[in-house]
Amino acid sequence: MSAERNSLPPFRRYRRLRQSAGLRRFARETLLHPGDFVYPLFVTFGSNVRREVPSMPDVYQISVDQLEREANELLSLGIGSVILFGIPEVKDDEASGAYDPDGVVQQAIRELKRAAPELTVIGDVCCCEYTTHGHCGILHGEIVDNDRTLTLLARTAVAQAQAGVDIVAPSDMMDGRVKVMRAALDAAGYISLPILSYAAKYASGFYGPFRDAAESTPEFGDRRSHQMDPANVREAYLEIAADIDEGADAIIVKPAMPYLDVIAGARERFDVPIAAYNVSGEYSMVRAAGQAGWIDERRVTMELLTSIRRAGASQIITYHAKDAAKWLREDYGGVPAAAELVSR
Ligand code: PBG
């Protein structure tokens, strides 16, 4: 036996560092932390509302009065931030619910900053949840009018700033929005408010369940005239460079799983924080396959989140945030500050 081994040519033994949980932990390159998770919240009008989204198990449309409870749960799990989407009571062609000082997101921002000031509140800035036709801005015929929409986006960002938001995140994909928004915020006195732009946002089939949750499915057509073609990556770097040049402080790549190459490429090229949006369809697929017993949901979820982080994302916007934070805590005995991924 040992003679046989001695007769083998020399080679490297990578298995040495894989043979126990302790050695695997020692050699682990990528860690997850709940503080890097951003949890999306769908805020709706009315009171005492907690309505589960049919295509997204455990994701709810909630009313403003439910936010304190929600914020406390997130903070107790160590989750650092939320991103807000609004479902207004009335929609119109000018998306006025988006920038109304009493719009549902503005109310939500005020309530969250009152109830949980330490939670970072990000406001998604887009018109699609507020227009009757579900498009991302003012229509000219069947096309979203870029330059007229910019005015609405800037007004929305200022309205969120006045309500006390910590970060504004434009998700509309109009050209020039970061520049116009930065100028409007500065003119209104909000020179210190950061912009997190969805710089590389693809026209994706993975947004389907979100549009149920946010009630923002376009009445006709789609978003391919402004969101990016899934086939392109160099164009994503142009978009990111433009947004940084216009004043974006951090950027988002979206969706996450099918665009890990974009995240990794952006990480090499740009030095701003890069967030990844692990979107609704990615979440619903994992949950559905888990419920069917076809995959080990916990294991798959943690593997996916780790992959997104390994690709280079610093923050992960994800509907899995609460579950993942609980699993990290279970694995690491309630010390989220020291939490790291366990490959089970
Ligand atoms: C636009 C917006 C969308 C998402 C986030 N912001 C939908 C869209 O572009 O149609 C999708 C997020 C998800 O699917 O989880 N306001």
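Right, let's walk through the structure included here. (Residues numbered from 1 in each chain as written. Predicted model: local features only at pLDDT ≥ 70, side-chain atom pairs only at ≥ 80, totals over all residues. Heavy atoms only, no water.)

## Observations regarding the site of the ligand
- Looking at the ligand, there are 18 residues lining it, with Lys201, Arg211, Lys254, Ser280 and Tyr319 nearest.
- Note that an oxygen atom of the ligand is positioned 2.9 Å from one of the side-chain N or O atoms of Gln227.
- Contact with the protein chains hides 100% of the accessible area of the ligand, taken as 410 Å² for the molecule alone.
- Taking a 2 Å distance to the grid points as the criterion, the majority of the atoms of the ligand fall inside the largest cavity.
- The residue makeup of the shell around the ligand, split by class, is 9 nonpolar, 3 polar and 6 charged. (Near = heavy atom within 4 Å. Polar contact = N/O pair within 3.5 Å; in protein donor to acceptor, adjacent residues only side chain to side chain. Areas by Shrake-Rupley, 256 points an atom, 1.4 Å probe, with all protein chains shown as cover. 1 Å grid on protein atoms, 1.4 Å probe; cavity = no way out; pocket = protein on both sides within 12 Å on 5 of 7 lines; lining within 4 Å. Sits in = over half its atoms within 2 Å of the grid points. Nonpolar A, V, L, I, M, F, W, Y, C, P; charged D, E, K, R; others polar.)

## A closer look at the nonpolar core
- Phe37, Val82, Leu84, Val168 and Leu185 are the most contacted members of the largest nonpolar core, which totals 77 residues.
- By residue number, the principal contributor to this core is helix H6 (residues 146-163), which donates 8 residues.
- Residues within four places of Leu185 in sequence aside, it is in contact with Ala157, Val158, Ala161, Val168, Tyr190, Ile191, Leu193 and Ile195. (Core = buried A, V, L, I, M, F, W, Y, C linked by side-chain atoms within 4.5 Å. Buried < 20%, exposed > 50% of the residue type's maximum accessible area, 1.4 Å probe, protein only. Helix = DSSP H or I, 4+ residues; strand = E, 2+ residues; numbered from the N terminus. Contact = heavy atoms within 4.5 Å.)

## Comments concerning the packing of aromatic side chains
- The tally for this structure, following the rule as stated, stands at 8 aromatic pairs.
- On the numbers, 6.2 Å between centres and 35° between planes, the contact of Tyr198 with Tyr277 is tilted. Remark: Tyr277 occurs in strand S11 (residues 274-278) and Tyr198 occurs in strand S9 (residues 196-201); sequence separation between them is 79 residues.
- The class of Tyr198 is buried, set by a relative accessible area of 0%.
- Judged by centre distance (6.2 Å) and plane angle (40°), the ring pair of Tyr277 and Tyr319 falls under tilted. Here Tyr277, found in strand S11, pairs with Tyr319, found in the loop between strand S12 (315-318) and helix H13 (321-331); they are 42 residues apart in sequence, far enough to count as distant.
- Classification of Tyr277 as buried rests on a relative accessible area of 1%.
- Since its relative accessible area comes to 4%, Tyr319 is described here as buried.
- Through pairs of rings, three or more aromatic residues link up here, namely Phe42, Phe85, Tyr198, Phe210, Tyr277, Tyr283 and Tyr319.
- A cation over an aromatic ring shows up here: Lys201 above the ring of Tyr207, its NZ or CZ 5.5 Å from the ring centre. (Phe/Tyr/Trp six-rings, centres within 6.5 Å; stacked < 30°, edge-to-face > 60°. Lys NZ or Arg CZ within 6 Å of the ring centre and 35° of its normal.)

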